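Structural overview
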Amino acid sequence: MNESWRHRFVRDPFALGGLILLLLVLVAALAAPWLAPADPDTTSSDLLLGPGAGHLLGTDQHGRDVLSRLLFASRTALMAGGEAVGLALVIGVPLGLIVGYFGGWWDRIGMRIVDALMAVPALIIAFAIIAVLGPGLTNAMLAVGLLFAVRMIRLVRGIVLSLREELYVDAARLGGAPRFYVMGRTILPNMLGPVIVQSALYFSAALLIEAMLSFLGVGVQIPNATWGSMLAEARAEQFNQPFLPFPPAIALTVTVLALNFVADGLRDSLGKGNAKSPRKPRRRAAAAQATVPVTSTAGLAAVDGAELRIRDLVISVAAPGGPLPAVRGVNIDVRRGEIVGVVGESGSGKSLTALSIMGLLAPGVSVTGGQVLHQQVDLASLSDKQMRSIRGKRIGMVFQEPLSALNPAMTVGAQIAETLRIHTKASRKEALSRAVELLDRVGVPDPEARAKDFPHQFSGGMAQRAVIAMALACEPELLIADEPTTALDVTTQKQVLDLLQELVDEFDLGVLLITHDMGIVAETCDRAYVMYAGQVVEAGDVVGIFTRPRHPYTAALLRSTPRGAVGDRLPTLPGRVPNLVDIGAGCTFAPRCSFAQDSCRQGEIPLLALGGPSASRCLLTDQIKMEAV
Amino acid sequence: MTALLEVDDLSVTFRRRVGALGLRHREMRAVDGVSFDIQPGETFGLVGESGSGKSTTGRVVLGLLGATSGEARFEGRPIAEQGTSRGDKAFHAGVQAVFQDPLASLNPTMKLLDAIAEPLRWLTSMSARERSHRASELLEMVGLDPTLGDRYPHQISGGQRQRVAIARAIAPRPRLVVCDEAVSALDVSTQAQIINLLQDLQDQLGMAYLFIAHDLDVVRHISDRIGVLCRGVMVEQGDADQVYDAPKHAYTRELLASVPNPDPHAGRQRKRKEALS
Amino acid sequence: MRRIAIGRLASAVPLLVLVSFIVFGAMHLGAGSVSESILGDGATPDRVAALDKELGLDRPFLVQYADWLVSAAQGDFGSSYIDKRAVADSVSVALPVTLSIAGGGILVAVLLGLGVGLVAAARPGGWADRLLTFLSSVALAVPAFWAAMLLSYYLGVEAGLFPASGYIPLATDPVGWFQCLILPSIALGLAGAGSIGRQMRGALIDVLRKDYIRTARAKGASPLRVLFRHAFRNAMVPVSTVIGFQAATMLGGSLVVERVFAMPGLSDLLVPAVLGHDFPVVLAIVVVTAIAVLAINLVIDLAYGFFDPKVRA
Ligand SMILES: Nc1ncnc2c1ncn2[C@@H]1O[C@H](COP(=O)(O)OP(=O)(O)OP(=O)(O)O)[C@@H](O)[C@H]1O
Ligand code: SF4
Ligand SMILES: [Mg+2]
């Protein structure tokens, strides 16, 4: 598709090693007549010699040179694999495409036949085909090829069925493209990756099956050499010459291994891989801080009696050129009994900030500066075990997608009860009955029965209520809610937000509410922080922020929502949120700011205290008049 | 004058196979007797919550899905007779679409310029050179640098991708563009840019929009007339201002009341003050 | 759950008929004259016709198939063209041998594979993960019959730790049966363990990235609790499919392994039958193994329902 997958492939040592090995096997096969020290079929009286100077890998029971036979056998192996995979591709891909794309009766009949053939072990189907065609290498590979063709049809059909649902396929059809063009140009290239990967795997499987068939005597006929037949012969003489099985067996194993590595490498680099080990975070924050400015904040007055204090928080994410700070010196305070909003566009660092409080940052992301203080205790200084006793007990968390935040294999009741089971001595029964009470409290109707349901039986709104119940089960002092209603419909959103406000008053809960919706902030929060590109650019109480924004970004955000708009055209912010790598010196917002001056681009812009909880990170805070709603 | 699009008592029922053998069916009525029409050059907004049948209606209009009963007509002719399965060129040149997720609606293996030029290949008689020339013009029309045409979808930002999707949709000069949640996946500031672009293009080219979205503010801003869907039923339709300012149906009122209001005095602060006093 | 089982069983019958029909058809229409090849050089038109008549091959194809199907449904798979023995008898003697080895192999593969997957995924990228992942890839590449040769020769013959060959029926001597299966099961199970281990690792790593794992951690769950109570069950959903697939493969592989250990399993019947066009034997073995695979799939489906509540509903 583009060059990057190739780069990824070569950087994977196993994939590269596998490729090199394969090339070596290919060269050995092609150059066998020249490389082989002797004729592979010439017998001699030197029977069953071990490896030595005359015969590098010894001789077999007919006195033939093992190395030469091995080299010639690699030709047979590659040809056999090639035939089988070629057949599978030639038959499987077009049939799979047609069956998958057109569906209907062809699909139903075709898939029944495929199912039937897949119900029999591959080796036995191969036997049956050979029983019809007669033994021999070509027939054996024909058998294996047909076998793989059947599997390939299934694979391709599966991919086509899922690609057919893709919007870009709809788009191509809407563009008037004929069916075969859609198949060939729109669907085919997008399934090439998996098909290539699968072909490599079939190739290696073909080698193994060929070897098995030859080993059992129904594949290649003696005296032709394949790795399998060499092994079969070696087995007969294993007691006389234990070394004899090793050369063909190792050749076979290494070739199969190489193919598998190449297939794995392709799968990973083509991006469909599922299990690439994540890189460990590298602690090189100092280097990153040198390139991207990280602000230390003096301007923001501490809020009295805060339960949670985030101080100069810096969070770095791993990137190809070294870690980049995605959160750059954030200060946030939350008191009990108030809802504090954090608002900003996608990528501004809201979620990272939230996750760092709980110590739940993903691998590759780490806190590289600042502190998170919970009741004056620096959470970073706690052991894993101590941290676990804070999570869920002292600080609860609610996430964006309620349905994916619940374990699909556990009942909802059991998941709520689990919080209690972890942190209290409640018995299973007590915990479950408490879970029912909690479900009742958060407004889930018929809680007794719903507690026994699985998450997929819940609607999004109900699921979010359950997640809230789970977070509040141990009556924590703080709740962190990361876009708790973004995935919900407006009417449901309103209900969930109302519930949240009730619970705040009931439990004297402090809430950090993360959202990108200014409306939600206005309606539910007491105070708010506006984030832009990893920094707090404005802080204050909600009425102040909305009636008199003090930072050009806040003002622009308020103006560009359709509701705030006056007239036909929406006032827009030009450009977009900068990439982490693009952040330079001076005001981060300068490229999009209509007030920007030269001085804005000079140095670090401090957060300017404006009295009380208010602050703004703008040089011209006091000089420009900003309009909001 | 006949309407550009007439949707007449449209119903769509999905049948899902259930049971181990898939012999039994469960029916789900996604769209239930919906009627509306769109005049040339106007914007009709379709709002509703998830699962209310907005997208299903859009897909019928695009000819991607058949109606179970009722019908949709484009320029007087039933869409069922000219939709995608028929590959009617005049129809496709007349009706195009912009979808929610611009990354998903662009073929990842195709360069942007080719993606924009593709419909021209099937729907016009332009030569390859004319097509790529036109595609560059279209890139400029949607506010992108034509040099971006050499890139692949994953190499540009979300807002830029949506511009490309729009360029592709307007390439054959359609009379109707179905925008299905076309701005929903974008950030507020990008969203505003795309909404303005859609309005500018409408002023220039005079096409009509069927604008499907769940965000009521966005729909109100862009639409001339609005229909409100609730569980497959059109509960209310009328002029945008009338539906918003004087909703007739209880569901519409509930929907409008649920939208977070960016006026802080109406929110928690007020409740707080009330509680204190 | 019960509905899944009944549905599976109901769909198994047409599937078996279809399998047998395809194979029967291929053998009777695809190959040349059976009698000719059985008679070999001594084939004269008269003798061929006589043998055709004797074997019932002169009747119309569909009649032959219907005849076979009706008898097969009653457990009668005809008799061998070559040694005239009742196929059902010889298969019922050989089948337990093959199934024992396959069962042992599956057991080894599942236990070893799941263990490897769990250990590797607990610390992805760590040394244990890298070592186990590499070993799994190697295990996957080693042909089962070479593994069998190595084990039989070095652990059986040379070290004398386990029986190196031969089969003792369960009914005769349960302990001996168990012992003689140890090496074959390991030889057969290694590749499957490699495959299952890799899949388990991948599935676990996938699952560990899921939102609900983060939720569990946000509740204060310990890493072990997260791994076993939350991740394992969900990872088993995709892995059970792989286990089913591997089980079918191992059933085939046991034909090769039993050869190495000189065990009188299905391969002793199948290989000469394939070489000698002994179609009743081949067909019976195809059908019998298909039944075994379908039975395995049924178990997997039930397991699937256990791991994934969505399927149960
Ligand atoms: N696991 C990660 N690995 C690498 N980069 C990450 C990771 N998580 C987040 N980032 C980067 O950190 C920055 C901030 O991300 P974050 O998720 O906190 O934003 P957000 O404000 O929550 O956005 P959204 O509104 O989309 O949820 C982004 O540039 C993002 O790409
Ligand atoms: S500092 Fe300058 S560029 Fe930055 S927001 Fe203020 S006026 Fe705009
Ligand atoms: Mg986020």
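Rules behind the numbers
- Residues numbered from 1 in each chain as written.
- Chains lettered and ligands numbered in written order.
- Predicted model: local features only at pLDDT ≥ 70, side-chain atom pairs only at ≥ 80, totals over all residues.
- Heavy atoms only, no water.
- Helix = DSSP H or I, 4+ residues; strand = E, 2+ residues; numbered from the N terminus.
- Rg over C-alpha atoms; globule rule 2.2 N^0.38 Å.
- Buried < 20%, exposed > 50% of the residue type's maximum accessible area, 1.4 Å probe, protein only.
- Areas by Shrake-Rupley, 256 points an atom, 1.4 Å probe, with all protein chains shown as cover.
- Lys, Arg positive; Asp, Glu negative; His and termini not counted.
- Charge placed at Lys NZ, Arg CZ, Asp CG, Glu CD.
- Contact = heavy atoms within 4.5 Å.
- Near = heavy atom within 4 Å.
- Polar contact = N/O pair within 3.5 Å; in protein donor to acceptor, adjacent residues only side chain to side chain.
- Nonpolar A, V, L, I, M, F, W, Y, C, P; charged D, E, K, R; others polar.
- Pairing = 2+ DSSP bridges.
- Core = buried A, V, L, I, M, F, W, Y, C linked by side-chain atoms within 4.5 Å.
- Axes fitted to C-alpha atoms, helices over the stretch in contact; angles between N-to-C directions.
- Phe/Tyr/Trp six-rings, centres within 6.5 Å; stacked < 30°, edge-to-face > 60°.
- Lys NZ or Arg CZ within 6 Å of the ring centre and 35° of its normal.
- Buried area = accessible area lost by both parts, 1.4 Å probe.
- Salt bridge = Lys/Arg side-chain N within 4 Å of Asp/Glu carboxyl O.
- Domains from an automatic or database assignment.

**Some thoughts on the overall build of chain A**
When helices and strands are tallied, chain A shows 23 helices and 12 strands. For 629 residues, the compact-globule estimate of 2.2 N^0.38 gives 25 Å, and chain A exceeds it by more than 25% at 33 Å. A principal-axis box enclosing the C-alpha atoms of chain A has dimensions of 100 × 60 × 60 Å. With 629 residues in all, chain A has 60% of them scored as buried. Summed over all atoms, the accessible surface of chain A reaches about 24700 Å², with 58% contributed by carbon and sulfur. Of the charged side chains in chain A, 56 are positive and 55 negative, and the gap between their average positions amounts to 1 Å.

**Things to note about the overall build of chain B**
Each helix and strand counted, chain B has 10 helices and 10 strands in total. Against the globule reference of 19 Å for 277 residues, chain B gives a C-alpha radius of gyration of 20 Å, in line with a compact fold. Principal-axis analysis of the C-alpha atoms gives chain B an extent of 75 × 50 × 50 Å. Residues classed as buried in chain B amount to 58% of the 277 residues present. Of all intrachain contacts in chain B linking residues separated by at least 6 positions in sequence, the fraction that spans at least 24 positions is 67%. Approximately 11600 Å² of chain B is accessible, and the part contributed by carbon and sulfur atoms is 47%. Seen as two clouds, the 33 positive and the 35 negative side-chain charges of chain B have centres 7 Å apart.

**Here we look at the site of ligand 1**
All names here are of chain A. Within the structure, ligand 1 sits among 14 residues, and S346, G347, K350, S351 and L352 are positioned closest to it. A distance of 2.8 Å is found between an oxygen atom of ligand 1 and a side-chain nitrogen or oxygen belonging to K350. Between E483 and ligand 1, the recorded distance is 3.4 Å, taken from a side-chain N or O atom to an oxygen atom. No other element matches helix α13 (residues 350-358), which puts 3 residues into the shell around ligand 1. A per-class count over the shell around ligand 1 returns 6 nonpolar, 5 polar and 3 charged.

**Points about the site of ligand 2**
Within the structure, ligand 2 sits among H551, P552, C587, F589, A590, C593, F595, A596, C600, C618, L619 and L620 of chain A. A class-by-class count of the residues in the shell around ligand 2 yields 11 nonpolar, 1 polar and no charged.

**A word on the pairing of strand β1 (residues 308-317) of chain A**
In the case of a regular strand, side chains alternate between the two sheet surfaces. Residues and elements named next belong to chain A. The buried count for β1 comes to 9 of 10 residues, which makes it a mostly enclosed element. Two strands pair when backbone bridges link them, and β1 and strand β4 (residues 365-374) are joined in this way by 8 bridges, in the antiparallel orientation. Within β4, the residue paired with R309 across the bridge is L373.

**A few points about the side chain of H374 of chain A**
Residues and elements named next belong to chain A. In this fold, H374 is placed in strand β4. Residue H374 is classed as buried on the basis of its relative accessible area, which comes to 2%. Side chain to side chain, H374 and E477 meet in a polar contact 3.4 Å long. If near-sequence neighbours (up to four positions away) are discounted, H374 is found in contact with E307, L379, I390, R394, I395, E477 and L478.

**Description of the nonpolar core**
In terms of nonpolar packing, the biggest core is built from 237 residues, with F127, M191 and L213 of chain A, F211 of chain B together with F145 and V282 of chain C touching the most fellow members. With 19 residues, helix α9 (residues 179-216) of chain A is the largest single contributor of residues to this core. With sequence-adjacent residues up to four places away left out, F145 of chain C is seen in contact with A211, M212, F215, L231 and L252 of chain A together with V256 and V260 of chain C. If you look at the next biggest cluster of nonpolar residues, it comprises 106 residues, including V334, I339, A481 and L509 of chain A.

**Observations regarding the sheet that holds strand β3 (residues 43-47) of chain B**
Residue and element names in this part refer to chain B. Within the open sheet, the 6 strands sit side by side as β6-β7-β8-β3-β9-β10. Their pairing is mixed. With partners counted over all chains shown, the strands left at the sheet margins are β6 (95-98) and β10 (233-239), one partner each. Between one strand axis and the next, the sheet turns through 15 degrees on average, direction left out of account. Of the pairings in the sheet, the one linking strand β9 (residues 225-230) to β10 comprises 6 bridges and is antiparallel in character. In the strand pairing of β10, G227 is matched with Q237. Relative to the sheet, helix α6 (residues 188-205) contacts β3, β7 (176-180) and β8 (208-213), its axis offset from that of β8 by approximately 160 degrees.

**Overview of the pairing of strand β3 (residues 339-343) of chain A**
Residues and elements named next belong to chain A. Most of β3 is tucked away, with 5 of its 5 residues classed as buried. Residues I339, G341 and V343 of β3 are buried on one face, and the alternating residues V340 and V342, pointing to the opposite face, are buried as well. Taken together, the 5 bridges between β3 and strand β8 (residues 510-515) define a ladder with parallel strand orientation. By the bridge assignment, V343 is partnered in β8 with T515.

**Re helix α23 (residues 552-560) of chain A**
Most of α23 of chain A sits out of view: 8 of its 9 residues are buried. For α23 of chain A, the full list of buried residues reads P552, Y553, T554, A555, A556, L557, L558 and S560 of chain A. Looking at the packing, one finds that the buried side of α23 of chain A touches α21 (518-524), β9 (527-532), β10 (535-541) and α22 (542-547) of chain A together with α6 of chain B.

**Section: unusual backbone geometry**
The backbone of E483 of chain A shows a phi angle near 45 degrees, a positive value even though the residue is not glycine. By secondary structure assignment, the location of E483 of chain A is in the loop between β7 (478-482) and α20 (490-507). Despite not being glycine, H277 of chain C shows a phi value in the positive range, around 55 degrees. Tracing the backbone shows H277 of chain C in the loop between α11 (266-275) and α12 (279-307). By relative accessible area, which is 18% here, H277 of chain C ends up buried.

**Some details on the packing of aromatic side chains**
Applying the stated criterion across every chain, the model contains 24 aromatic pairs over all chains. Ring centres of F24 of chain C and F61 of chain C lie 5.7 Å apart, and the angle between their planes is 40 degrees; on these two criteria the pair is classed as tilted. With F24 of chain C in helix α1 (residues 2-30) and F61 of chain C in helix α4 (residues 61-73), the pair connects residues that are 37 residues apart, well separated along the chain. Accessibility expressed as a relative area gives 3% for F24 of chain C, which makes it buried. By way of ring pairs, the aromatic residues F21, F24, F61, Y65, W68 and F77 of chain C are connected into one cluster. The residue whose ring lies beneath R108 of chain A is W105 of chain A, and the NZ or CZ to ring-centre distance is 5.0 Å. Positioned above the aromatic ring of F306 of chain C, the side-chain terminus of R233 of chain C is 4.8 Å from the ring centre.

**Points about the interface of chain A and chain C**
Often the size quoted for an interface is simply the accessible area lost on bringing the parts together. Facing the 74 residues of chain A at the interface are 73 residues of chain C. Each partner contributes to the roughly 6500 Å² buried at the junction of chain A and chain C, and carbon and sulfur atoms together form 70% of this total. Linking chain A with chain C are 4 salt bridges. The salt bridge involving E418 of chain A is made with K219 of chain C; its shortest N-O contact spans 2.8 Å. Counting the contacts that link chain A with chain C gives 16 residue pairs in polar contact (both at pLDDT 80 or more). Take the side of chain A that touches chain C: its biggest share by element is 11 residues, from helix α11 (residues 246-269) of chain A. Taken together, the residues that form the side of chain A that touches chain C break down as 48 nonpolar, 14 polar and 12 charged.

**Quick word on the domain arrangement of chain A**
Splitting chain A by domain gives domain 1 (5-38 + 56-270) and domain 2 (306-402 + 480-562 + 572-616). When each unit is reduced to the centre of its C-alpha atoms, the spacing between domain 1 of chain A and domain 2 of chain A is 53 Å.

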